[in-house]
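# Architecture at a glance
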Amino acid sequence: MDINSNIDSPLTLKIGFNKLIEQYKSLLKSDDNIIAAKAKNILKIAKDYPELKDGFSDTSTLKTREKEISIILQDTFSPILTKNEIKTASVPFHNLTFNSSERFKSILKTAGKDFELQIKNMPQDDVYIIACNIILNFCYGYNLNFKRPFYYEIPDANGVLRYYKILYNADFCEITPTPNAKKITQEDYDELLDNFENIKVWKEKFPPNSYIFNGFVISNIFDVTDDQSISHIKSSLLGQDKRENKNFMKNFHEIFSSLLGIKDIKVGFSIYNKEDDVFERVHGEGMNSFLLGKSESKKCADALCRWSYNRLLKENRYFSVSDVDKSFEKSKGNAPHIASLYEQNFKSGIFAPIANDKELLGILEIVSNKSKVLNSINANKLVDVMPFIVSAVERSKAEEVNLIEAIIQQECTSIHSSVSWKFKKAAKKFLNDKLKNPLNTATFSEIVFNNVYPLFGQIDVKGSSDARNLATQKDLALQLSLVDKVLENVPKAEKLPIFEQLKFQIENFNIKLKNDFKVDTEQQLTKFFKEEIEQLFVFFLENKDFAKEEIEDYFSKVDSNLGVIYYYRKNYDDTIALINKNMSALIDEKQIEAQKMYPHFFERFKTDGVEHNMYIGESITKEDSFNSIYLFNLRLWQLQIMYEMENSFYQNQHEYPIGLDVASMILVFNQPLSIRFRMDEKQFDVDGTYNARYEVVKKRVDKAFIKGTEERITTKGKMSIIYSQKEDEKEYLKYIHFMQSKKMFADDIEILKLQDLQGVTGLKAIRVSFIYQKNEGDDKGYYTYEDLMKEIKA
């Protein structure tokens, strides 16, 4: 077979020994007779077999001239060192080897018949260009540093992959141009410097097979498994998203197998939580903790015996368990870490602390199904890799802290995406100011957005206070009746005057609940139940034989944490929570679409219902793109989403524990204002005295009455739009007419004046009834509020 088959290269390869043979010519005149005789013998071989000097490409010649080649290479391949050195002869960019040392042959034989030797780290796409670089060096004297380390990966007798670094000796190579070769000028060289990846340019300067390589290279090979394993560990730990990478732990097992020279070991981790003194599982693809077993976390004192606890946590030193079964028997199963390995059927293991100078960060756990293969001797190899693992865990912990802070910010003190750019800008300035003047106190810039238009809306549970009071009264009345039932069952012989006094208190409390329920009534009754009734009933249960069934019924209905019956109030609280959850989810989902139309600030709050603020304007978007059409569009969107929320509520009202009603309102403010982020309150607020009027109206308007009446402007089944300017009235009437055409609003539009609020006059309102749309398949698709209530009650 020709060694040039299927190779695209500027070099035609020939195996030859001309340059080596030329050196023996000078040795013919040596004073050393042995050296001179050897040189004479080699020169005779070269004369008898000219192909060895001129070069050949047919690999069969290596077999037919094996003896002669061995004699020629005897000085460069010492027979004395053949069982020690890992060495072979080869040609560039080729997996072909010949005249190998006995040790190299033995390594290949151990790898098995099916093993195919291949050079690793050889970039196949760049081989042509690297060959051109060699020509530039050999033929034109341009010394370009293109060298890269090349490796063989060869499995040992145990199947563990070992790494061998190849160092080439190219002293016996010759490269000569053919007639097809182009002369490389300085201009060509300068062009090539900036075109390493442009194969077309290189082939133009160095056509295929335009140069002849005649010679051989000596491959000096070294076992660098430890160094390469450490390098691989370092590279693996530097990678991103390790926990999500399915192959990370598999590769990690293989790397540690190579480092320790042991097949089929497993690697696990547990993180140390210093605050709670517990070991915690690391969650990720293929990640395990053999110390924790199936547990998510364990107290350190429960996971380790006293000696191992001090060894890892106090001394920060590793230890091994070379024979788990023997250690388990010796400790009688009382050493938790040994018991954990024993239960998982591991036979040996190493526990190494992942610790920096300040603290323990976690535990590296290496285990095997074979006894004695992991021990205190090979555990010493971990010394070289632990610094990289420590650095990776430190970085991972820092990332986790940042991620937790980001989650807290998102979930608890969220800064809306539309304005986050300004916070980032201020934070960057703050950091730069601190770096410029470390001794001076840097201040965080004020976050202000000027000339933005506000939009406010709310869907509010009507009569929420009355509904909660009614639920409270029902719970307390039920509990009083249960107390009275117990007292009624006290036998005459056991009755004491104090029981009559308790019954008198119960009667008075019942009167208060029905006729004079106040804020402190609930507190009085709660105190009565806890301090007087509970102790008495416990005494009855422990010391008396009467009314046991009634007392047990009483305690079964009382909430153990609150000390009172929490049934009707729970239904009320669950209803409010579910309304808020559903309404918030709906507006949050729709907000994603609205942001795509034009970015704007949005925030919502859960109260007894859901209210939201929006601000839109040039200063928020950071771009010169704002137009009033975006404001009008957002106002229409808001009106439509308020309709959807109200419609969704009544569609799903039957799912709520108790029947409540809601009322929807929008506040229109047609003048732009400024908003400022209040650092102390961690929220935006309107800026300036004039703008504060907007906040006053926001807080009070839903309680406002229609002028000359005692009727609230917000009412169930109707949309209320509060405004003060005639142009706002015209604008919103357009939106209403549009939505009437979609059968979303009825034709009963009201234009109403509002009674003056404190410091605010001249407010008006448009009020119009909703037309609710039922689910698909309903015979009657559209309902007014009255229709809907009849349908629900039917």
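As the structure is a prediction and not an experimental result, all values here were calculated from the model. (Residues numbered from 1 in each chain as written. Predicted model: local features only at pLDDT ≥ 70, side-chain atom pairs only at ≥ 80, totals over all residues. Heavy atoms only, no water.)

For the rest of this paragraph, the subject is the overall build of the protein chain. Scanning the protein chain from N- to C-terminus turns up 27 helices and 26 strands. In terms of C-alpha radius of gyration, the protein chain reaches 43 Å, well past the compact-globule figure of 28 Å for 794 residues. With respect to the three principal axes, the spread of C-alpha positions in the protein chain is 130 × 80 × 70 Å. Long-range contacts, defined here as pairs at least 24 residues apart, represent 66% of the contacts in the protein chain between residues at least 6 apart. Carbon together with sulfur atoms contributes 49% to the accessible area of the protein chain, which is approximately 43,100 Å² in total. For the protein chain, the centre of its 109 positive side-chain charges and the centre of its 117 negative side-chain charges are spaced 4 Å apart. (Helix = DSSP H or I, 4+ residues; strand = E, 2+ residues; numbered from the N terminus. Rg over C-alpha atoms; globule rule 2.2 N^0.38 Å. Contact = heavy atoms within 4.5 Å. Areas by Shrake-Rupley, 256 points an atom, 1.4 Å probe, with all protein chains shown as cover. Lys, Arg positive; Asp, Glu negative; His and termini not counted. Charge placed at Lys NZ, Arg CZ, Asp CG, Glu CD.)

With antiparallel pairing, the 6 strands of this open sheet are ordered in space as S3-S2-S9-S6-S5-S4. The sheet is open, and its two edges are formed by strand S3 (97-98) and strand S4 (119-120), each paired on a single side. Two elements, S4 and strand S5 (residues 150-155), share 2 bridges in a ladder whose sense is antiparallel. Its bridge partner lying in S5, Ile119 is registered against Tyr152. Here helix H6 (residues 102-111) sits on the sheet in contact with strand S2 (86-90), S3, S5, strand S6 (161-169) and strand S9 (217-223), set at roughly 50° to S5. (Pairing = 2+ DSSP bridges. Axes fitted to C-alpha atoms, helices over the stretch in contact; angles between N-to-C directions.)

Let us look at the packing of helix H18 (residues 464-488) against helix H22 (residues 568-597). Running from amino to carboxyl end, H18 crosses H22 at an angle of 155°, the nearest separation of the two axes being 7 Å. On the basis of the axis angle, H18 is roughly antiparallel to H22. Together, Ser464, Ala467, Arg468, Ala471, Thr472, Lys474, Asp475 and Leu476 of H18 and Tyr568, Arg569 and Tyr572 of H22 make up the contact between the two elements. A breakdown of the residues in the contact of H18 with H22 according to their chemical character gives 5 nonpolar, 2 polar and 4 charged. (Parallel < 35°, antiparallel > 145°, perpendicular 65-115°, else oblique. Nonpolar A, V, L, I, M, F, W, Y, C, P; charged D, E, K, R; others polar.)

Moving on to the pattern of salt bridges. As enumerated under the stated definition, the model contains 34 salt bridges in all. Here Glu488 makes a salt bridge to Lys503, at a shortest N to O gap of 2.5 Å. Residue Glu488 is located in helix H18, and its partner Lys503 is located in helix H19 (residues 497-515); the two are separated by 15 residues in the primary sequence. A relative accessible area of 48% places Glu488 in the partly exposed class. Classification of Lys503 as buried rests on a relative accessible area of 16%. Measuring nitrogen to oxygen at the nearest pair gives 2.8 Å for the salt bridge that ties Lys570 to Asp574. Of this pair, Lys570 and Asp574 are both found in helix H22, 4 residues apart, which corresponds to roughly one turn of the helix. One network of salt bridges, with partners in common, ties together Arg468, Asp475, Glu522 and Arg569. (Salt bridge = Lys/Arg side-chain N within 4 Å of Asp/Glu carboxyl O. Buried < 20%, exposed > 50% of the residue type's maximum accessible area, 1.4 Å probe, protein only.)

Before going further, it helps to examine the nonpolar core. Membership of the largest hydrophobic core comes to 47 residues, with the highest contact counts inside it found for Met583, Leu639, Met719, Ile721 and Phe745. It is helix H24 (residues 628-651) that provides the largest number of residues to this core, a total of 11 residues. If sequence neighbours within four positions are ignored, Ile721 has contacts with Leu639, Ile666, Val668, Tyr732, Ile736, Lys764, Ala765 and Ile766. (Core = buried A, V, L, I, M, F, W, Y, C linked by side-chain atoms within 4.5 Å.)

At 3.6 residues per turn, the α-helix brings residues three or four places apart onto the same side. For helix H14 (residues 324-331), the N-terminal capping position is held by Asp323, with its side-chain oxygen 3.4 Å away from the main-chain nitrogen of Asp325. Two residues or fewer after H14 comes Lys332, characterised by a positive phi angle close to 55°. (Polar contact = N/O pair within 3.5 Å; in protein donor to acceptor, adjacent residues only side chain to side chain.)

As a further point, take the sheet that holds strand S12 (residues 297-299). Within the open sheet, the 6 strands sit side by side as S12-S11-S10-S15-S14-S13. Their pairing is antiparallel. Taken across any chain shown, the strands that pair with only one partner, and hence form the sheet edges, are S12 and strand S13 (319-321). Going from strand to strand, the sheet's axes swing by 25° on average, the running direction of each strand aside. Most of the contacts of helix H15 (residues 336-343) go to S13, to which it runs at about 45°, and overall it touches S13, strand S14 (348-355) and strand S15 (360-368).

Taken as a whole, this structure holds 0 disulfides when the rule is applied. Summary of cysteine pairing: Cys139 is not part of a disulfide, and the nearest cysteine sulfur, belonging to Cys132, is at 11 Å. The thiol of Cys173 is not disulfide-bonded; the next cysteine sulfur, from Cys139, is found 12 Å away. Given the relative accessible area of 3%, Cys173 is considered buried. (Disulfide = S-S within 2.5 Å.)

Attention shifts here to unusual backbone geometry. Look at Asp264: it is not a glycine, yet its phi comes out positive at around 60°. Given the relative accessible area of 57%, Asp264 is considered exposed.

Let's shift gears to the pairing of S5. Where S5 meets S6, 6 bridges bridge the pair, whose relative direction is antiparallel. Paired with Ile154 across the bridge in S6 is Arg162. Between the end of S5 and the start of S6, which pair antiparallel, lie 5 residues, with Gly159 showing a positive phi angle near 85°.

Moving on to the packing of aromatic side chains. Considering all chains together, one arrives at 34 aromatic pairs under this definition. Clustering of aromatic rings is evident, with ring pairs tying together Phe499, Phe537, Phe539, Phe540, Phe546, Tyr554 and Phe555. A cation over an aromatic ring shows up here: Lys87 above the ring of Phe77, its NZ or CZ 5.2 Å from the ring centre. Its guanidinium or amino end placed over the ring of Tyr128, Lys203 lies 5.1 Å from that ring's centre, counting from NZ or CZ. (Phe/Tyr/Trp six-rings, centres within 6.5 Å; stacked < 30°, edge-to-face > 60°. Lys NZ or Arg CZ within 6 Å of the ring centre and 35° of its normal.)

Turning to helix H8 (residues 186-193), a few remarks are in order. Every buried residue belonging to H8 is among Asp188, Tyr189 and Leu192, and all of these are buried. Buried residues in H8, looked at end-on, bunch into an arc of 100°, giving them a common side. Looking at the packing, one finds that the buried side of H8 touches helix H7 (127-140) and helix H9 (199-205). (Arc of directions from axis to C-beta.)

Moving on to the side chain of Ser674. The topology assignment puts Ser674 in strand S20 (residues 673-678). Owing to a relative accessible area of 15%, Ser674 belongs among the buried residues under this scheme. There is a polar contact of 2.8 Å between the side chain of Ser674 and the side chain of Asn450.

Counted under the stated rule, the structure contains 2 cavities of 30 Å³ or more. Each pocket or cavity is described by its volume, and for the largest cavity that value is around 50 Å³. Taken together, Leu667, Val668, Phe669, Arg693, Tyr694, Val697, Ser724 and Leu763 form the lining of the largest cavity. Its boundaries defined by the atoms lining it, the second largest cavity holds a volume of some 40 Å³. Along the walls of the second largest cavity sit Ala594, Met597, Tyr598, Ile616, Tyr630, Asn633, Leu634 and Trp637, which together make up its complete lining. Mapped by element, the contributors of at least two residues to the lining of the second largest cavity are H22 and H24. The leading source of residues in the lining of the second largest cavity is H24, at 4 residues. Residue composition of the lining of the second largest cavity, grouped by class: 7 nonpolar, 1 polar and no charged. (1 Å grid on protein atoms, 1.4 Å probe; cavity = no way out; pocket = protein on both sides within 12 Å on 5 of 7 lines; lining within 4 Å. Points joined across faces, edges and corners; volume = space filled by probe spheres on them.)

Further remarks concern the packing of H14 against H15. Relative orientation of the contacting elements H14 and H15 amounts to 130°, with a least axis distance of 9 Å. With respect to each other, H14 and H15 are oriented oblique. Handedness of the crossing formed by H14 with H15: left-handed. Contacts between H14 and H15 pair Val324, Asp325, Ser327 and Phe328 from the former with Ile338, Ala339, Leu341 and Tyr342 from the latter. Tallied by class, residues from the contact of H14 with H15 come to 6 nonpolar, 1 polar and 1 charged. (Left-handed = near helix turned anticlockwise from the far one by under 90°.)

Note that Phe649 resides in helix H24. Remark: the alpha-carbon pair of Phe649 and Ile579, spanning 70 residues in sequence, is separated by 7.4 Å. Excluding residues within four positions of it along the chain, Phe649 makes contact with Ile579, Met583, Tyr656, Leu660, Asp661 and Val662.

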